[in-house]
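# A structural walkthrough
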Amino acid sequence: MAVQAVQIVQAAPGGVTLVDDRGVTVRLDAPPARIVTLLPSLTETVCELGGCARLVGTDRYSNHPASVRSLPKTGGLDDANIEMIASLKPDVVLLALSSRVTDRLESLGIKVVALEPRTYKDVQRVATKVAQILGSVDGGLRLWQRLESQVDAAAKMVPASARGLSVYYEVDSAPYAAGESSFIGETLTRLGAKNIVPTSLGPFPKLNPEYVVRADPQVIMISQRHAADVGARPGWDRIRAVRDKHVCAFTSEQGDVLSRPGPRMGEAAQIMARCLRDSAATIGAGASR
């Protein structure tokens, strides 16, 4: 993929001015020494770019790398603890565009940068901006090139027999699915799979369960927690993936890797590639009998 342009303008020496995902211009007079992150993918990006030692707090779900687990946890997307964040005296807070605490933090004079990666292009842009915040010249570009290389390597793991397999990727048992336009969907496309959820339905649509039955995917990717009852859902026993036991059940640790658009997307691609490869092997074995 081509490198995307990002809106970043250097400020005074040692500082930076950037436009975040709200379209708001944020000026930092110096690379921040104290950073709070309120999104796991942002935590992982900061650490991957060498800024882990600058983190003084994260959201409750940030658990990678292991060093961030001992940091103060300031809540989640909807219940971030404003008082705790302020007490950590951050130079900047990195949070999701959808965070509900942005205005309150800014009213306290705390610098806020909203960055929310949802697609591959977003991940590239966010990596570049986080690198600039940290004072890195080309760290974001190097990270993006590494991710691209890892996804390409994962695609090479997928045999020709697995290409074109129809896939339903469930992100939540409601059910919410990962559509073609999501970063998960983009990975599936790179691996040669056919997503049953088209771009027209959005990145993470809530589906009528009957939609999945009608689509009849050959492979289902789902959390281990919800995999056990898939066959008990009304009509789902007729789905090829369920009938033929081509259901890839991911552990909670794998789920973290798969659900975070950031530095571990190459690892996520490898997990999905193994699922497709193993499913194709058993489909082929069944056809030969």
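This one's a predicted model, so the numbers in the text were calculated from it and none came from an experiment.

The rules behind these values
Residues numbered from 1 in each chain as written. Predicted model: local features only at pLDDT ≥ 70, side-chain atom pairs only at ≥ 80, totals over all residues. Heavy atoms only, no water. Buried < 20%, exposed > 50% of the residue type's maximum accessible area, 1.4 Å probe, protein only. Helix = DSSP H or I, 4+ residues; strand = E, 2+ residues; numbered from the N terminus. Contact = heavy atoms within 4.5 Å. Salt bridge = Lys/Arg side-chain N within 4 Å of Asp/Glu carboxyl O. Phe/Tyr/Trp six-rings, centres within 6.5 Å; stacked < 30°, edge-to-face > 60°.

Take helix α1 (residues 40-48) next. Summarising burial for α1: eight of the nine residues are buried, a large majority. Taken together, the buried positions of α1 are Pro40, Ser41, Leu42, Thr43, Glu44, Thr45, Val46 and Cys47. Looking at the buried positions of α1, the neighbouring elements they touch are β4 (35-37), β5 (55-58), β6 (92-95), α4 (120-134) and α5 (139-157). Two residues or fewer past α1, glycine 50 is found with a positive phi of approximately 90°.

Right, let's get into the pattern of salt bridges. If you walk through the whole model with that rule in mind, you get 20 salt bridges. Here aspartate 79 ties to arginine 60 by a salt bridge, and the two come within 2.8 Å at their closest N and O atoms. A residue pair is termed long-range when its members are at least 10 positions apart, and aspartate 79 in the loop between β5 and α2 (82-87) and arginine 60 in the loop between β5 and α2 qualify at 19 residues. Look at arginine 60 and you get partly exposed, because its relative accessible area is 39%. Between arginine 104 and glutamate 83 there is a salt bridge, and its shortest N-O distance comes to 3.9 Å. Of the two residues, arginine 104 sits in helix α3 (residues 102-107) while glutamate 83 sits in helix α2, which places them 21 residues apart along the sequence. The structure contains a network of salt bridges with shared partners spanning Glu44, Asp256, Arg260 and Arg264.

Turning next to the packing of aromatic side chains. Going through the model one piece at a time under the given rule, you end up with four aromatic pairs. On the basis of an interplanar angle of 90° and a centroid distance of 6.2 Å, the ring pair of tyrosine 120 and tryptophan 144 is categorised as edge-to-face. On the criterion of sequence distance, the pair formed by tyrosine 120 in helix α4 and tryptophan 144 in helix α5 is long-range, its members being 24 residues apart. Judged by its relative accessible area of 1%, tyrosine 120 is buried.

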